[in-house]
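Coordinate analysis (summary)
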Amino acid sequence: MPNTSRPSAPKPRVVIIGCGFGGLEAAKALSHAPVEIVVIDRTNHHLFQPLLYQVATAGLPAPAIAGPIRHILRKQIARGNLTVLMGEVTSIDAASSCVVIDGGEHIHYDHLIVAAGATHSYFGRDDWAKYAPGLKTLGDAFTIRRRVLTAFEQAERETDPAKREPWLTFAIVGAGPTGVEMAGTLAEIAQQTLRSEFRRIDSRRARVILLEGAGRVLGTFPEDMSQRAKEQLAGLGAEVLTGAKVTNITAFGIHYDTMEPGPDGTPHPVSHFLPSRTVVWAAGVAASPLGRALSKSTRCQLDRAGRVVVQPDLTIPDHPNIYVVGDLASAKSYLDPDNPTPVPGVSPGAKQMGRKAAFNIMRRLQGKESQAFRYFDYGNLATIGKRAAVAVLDLPFINKRVKFSGFSAWLFWLFVHVYFLIGFRNRTVVLMDWAWAYFTSQRHARVFPDPHALEPNAMVVRVTPPSTPPVSVSAVSQPTTAPNQATVSAPGNTGATGGQAAPAR
């Protein structure tokens, strides 16, 4: 029977689940506090997710945006008050004040910070995941990189132009920052990086198509910045389809509906099929399943996305020693106590929540009341491609908003992201790689393992597709959606640490 009794530790123990932005900031903030800290993460590395798409598109090697947790926290470990464990938390027993990790080990806590992050949401159609991978982990980035580069290789082998076209059609679902970044970068790869490296195909004839269920890209940005982003995407060679609601994804392409005027002028849904062998999902984010485990143990409330609804001080009702931060928290900012506003799911929000949770723990240890969380939003940044980006900056001291786009926004985005990378070596590597890519348009991280070794039981990539459905079919006379098939809008990515471009800090 595992030992769940309270340990006789001389210091109160703070357990931190997850070492993303929120968890890492909390661990750092508590490093000099009179507490024992235990950090638990399912991987051995901290990941700078705003640049994950660069790994997926062969712009950066993985070590440039990821660092071993033990190395990042080595000073705290050497100080003797921090322990790092690699493992997956399977449940939380609030009654016994312990967490259970894989293997059945029980770890007691006096204070708990849950920073487990988020995962992909396919809006009830998880069967799409094998055809349209999302982008949250290094594993996801490697999968997308392999599929993108393999598509060009398969196109080079294909002699039938009709069969070659789907290999050279790249679809991205969701036009939030992640989708926009992916679309712009894939267009750059096709137009510049690979243009002289094939004999049978012209990579510049590849199509990069961004599908968005809403009426514009980058829905969290002002309309004029959304329009600028769309124009810059077009300038890079990417196509944008707004108002496109995805209804099905298969190994051979995407089914989607658009509202189009009929003969009488009344809008009605029209179904389309886009043949594509490479689809990237950037349309939805769901909270970590650990939120449900916490709700089961504490009866805390979850929102529609599965996030834990927290109190002003980031704790959950009736459990003042349990804090939830980052993408897993449905939190509000109390800059104006009479008008609290939702905290966006972005990396600066996770960092600030991690620091506030640590601050409130230290206040409680001193016998003081905890304080409400206040989020300082300095704006949003999104890159589209080389020399193309949009920026919206809020300057709190002068109460002014500044908006700009193009090369200046791209340059600002570059330095902001490099500045917040973990470790001097990472910053140096990224700057060198970007400088090289800027002047040469080359991406030298274009290697991947043997795909057959990675997926020995997967469908052979050169399998012949079925007869292609009509490109445009009236949804009224010939519906393509099965009776039990969901119709899914493809909104922009609203989660943060994964693919949202990090707002300005």
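A quick note: this is a predicted structure, and the numbers were derived from the prediction, not measured. (Residues numbered from 1 in each chain as written. Predicted model: local features only at pLDDT ≥ 70, side-chain atom pairs only at ≥ 80, totals over all residues. Heavy atoms only, no water.)

What follows deals with the overall build of the protein. Regarding its fold elements, the protein presents 13 helices and 28 strands. Per-residue burial for the protein yields a buried fraction of 54% across its 505 residues. Relative to all contacts within the protein whose residues are 6 or more apart in sequence, the contacts with residues 24 or more apart total 66%. In the form shown here, the protein has an accessible surface area of approximately 22800 Å², with 53% of it arising from carbon and sulfur atoms. (Helix = DSSP H or I, 4+ residues; strand = E, 2+ residues; numbered from the N terminus. Buried < 20%, exposed > 50% of the residue type's maximum accessible area, 1.4 Å probe, protein only. Contact = heavy atoms within 4.5 Å. Areas by Shrake-Rupley, 256 points an atom, 1.4 Å probe, with all protein chains shown as cover.)

Turning to the nonpolar core, a few remarks are in order. I65, F152, I172, M182 and L210 are the most contacted members of the largest nonpolar core, which has 70 residues in total. With sequence-adjacent residues up to four places away left out, F152 is seen in contact with L168, F170, A190, L194, F198, I201, S203 and A206. By size, the runner-up hydrophobic cluster in this structure holds 55 residues, among which are A33, L73, A94 and L290. (Core = buried A, V, L, I, M, F, W, Y, C linked by side-chain atoms within 4.5 Å.)

Summed over the entire model, instances satisfying the criterion amount to four cavities of 30 Å³ or more. As a volume, the largest cavity reaches approximately 280 Å³. What lines the largest cavity is a set of 21 residues, among which Q54, E188, K386, A437 and R443 lie closest to the centre. Listed by contribution, the elements that provide at least two residues to the lining of the largest cavity are α2 (52–56), α7 (177–193), β25 (379–385), α11 (407–419) and α12 (424–440). (1 Å grid on protein atoms, 1.4 Å probe; cavity = no way out; pocket = protein on both sides within 12 Å on 5 of 7 lines; lining within 4 Å. Points joined across faces, edges and corners; volume = space filled by probe spheres on them.)

Taken in spatial order, the three strands make up an open sheet running β25-β26-β27, and their pairing is antiparallel. Unpaired on one side and paired on the other, β25 and β27 (400–405) mark the two borders of the sheet. Each strand of the sheet is rotated relative to its neighbour by a mean of 5 degrees, with strand direction disregarded. Both strand β26 (residues 388–395) and β27 contribute to a ladder of six bridges, which runs antiparallel. Along β27, the bridge assignment pairs A391 with F404. (Pairing = 2+ DSSP bridges. Axes fitted to C-alpha atoms, helices over the stretch in contact; angles between N-to-C directions.)

Before going further, it helps to examine helix α10 (residues 347–365). Compared with an ideal rise of 1.5 Å per residue, which puts 19 residues at 27 Å, α10 spans 28 Å between its outermost C-alpha atoms and is within 8% of the ideal. Of all 19 residues in α10, 14 are buried, a share of seventy percent or more. Of the residues one or two after α10, G367 is the one with positive phi, at around 80 degrees. (Expected span 1.5 Å × (residues − 1).)

For the rest of this paragraph, the subject is the environment of V325. Position of V325 relative to the elements: it lies in the loop between β21 (319–324) and β22 (329–330). Excluding residues that lie within four positions of it along the chain, V325 makes contacts with G22, I113, V114, A115, L314, M353, G354 and A357.

Before going further, it helps to examine the sheet that holds strand β20 (residues 315–316). Here six strands make up an open sheet; going across it, the order is β5-β2-β1-β9-β21-β20 and the pairing mixed. The sheet terminates laterally at β5 (82–86) and β20, the two strands that pair on one side only. Both strand β2 (residues 36–41) and β5 contribute to a ladder of five bridges, which runs parallel. In the sheet register, I40 faces β5, and the bridge partner there is L85. Against the sheet, helix α1 (residues 21–29) touches β1 (13–17), β2, β5 and β9 (111–114), its axis set at about 160 degrees to β1. Across the face of the sheet, helix α9 (residues 290–298) comes into contact with β1, β9, β20 and β21 while running at roughly 170 degrees to β21.

Overall, the prediction assigns the protein a mean pLDDT of 86, with 86% of residues at 70 or greater. Within the model, pLDDT remains below 50 along residues 456–461, and this stretch shows four contacts once partners closer than five positions in the same chain are excluded. Under a pLDDT of 50 for its full length, residues 470–505 has, in the predicted model, 122 contacts with residues more than four places off or in other chains. (pLDDT = per-residue confidence, 0-100.)

Another aspect to go through is the pairing of β2. By the criterion of burial, β2 is predominantly enclosed, with six of the six residues buried. The side-chain alternation of β2 yields two buried faces, one formed by E36, V38 and I40 and the other by I37, V39 and D41. Relative to β2, β1 runs parallel, the two sharing five bridges. When the sheet's bridge partners are listed, I17 is paired in β2 with I40. Running through α1, the crossover from β1 to the neighbouring parallel element β2 is right-handed. (Right-handed = clockwise from strand over helix to strand, strands pointing away.)

Okay, the pairing of β21 next. For β21, the tally of buried residues reaches five of six residues, placing the bulk of the element in the interior. In this sheet, β21 lies alongside β9 in parallel orientation, the contact comprising three bridges. Counted as the bridge partner of L112 is I322 from β21. Here β20 runs beside β21; their pairing, made up of two bridges, is antiparallel.

So, about the pattern of salt bridges. Under the definition given, this model contains eleven salt bridges. A salt bridge links E231 to R228, with the nearest nitrogen and oxygen atoms 2.9 Å apart. Separated by three residues within a single helix, E231 and R228 lie in helix α8 (residues 223–236), roughly one turn from each other. Classification of R228 as partly exposed rests on a relative accessible area of 30%. The salt bridge partner of R401 is D394, with a shortest N-O separation of 2.8 Å. On the basis of relative accessibility, which here comes to 48%, the residue R401 falls in the partly exposed class. (Salt bridge = Lys/Arg side-chain N within 4 Å of Asp/Glu carboxyl O.)

To continue, consider the environment of G22. Along the chain, the position of G22 falls in helix α1. Judged by relative accessible area, which is 5%, G22 ranks as buried. C-alpha of G22 to C-alpha of G326: the two residues are 304 residues apart in sequence and 5.5 Å apart in space. Every residue in contact with G22, bar those within four places of it in the chain, is listed here: A115, V325, A350, K351 and G354.

Tallied over the full model, the rule gives nine aromatic pairs. Aromatic side chains F21 and F48 sit 5.7 Å apart centroid to centroid with 80 degrees between the ring planes, which places their arrangement in the edge-to-face category. With F21 in helix α1 and F48 in the loop between β3 (45–47) and α2, this residue pair connects regions lying 27 residues apart in the sequence. Comparing F21 with F48, the two get one shared label, buried. (Phe/Tyr/Trp six-rings, centres within 6.5 Å; stacked < 30°, edge-to-face > 60°.)

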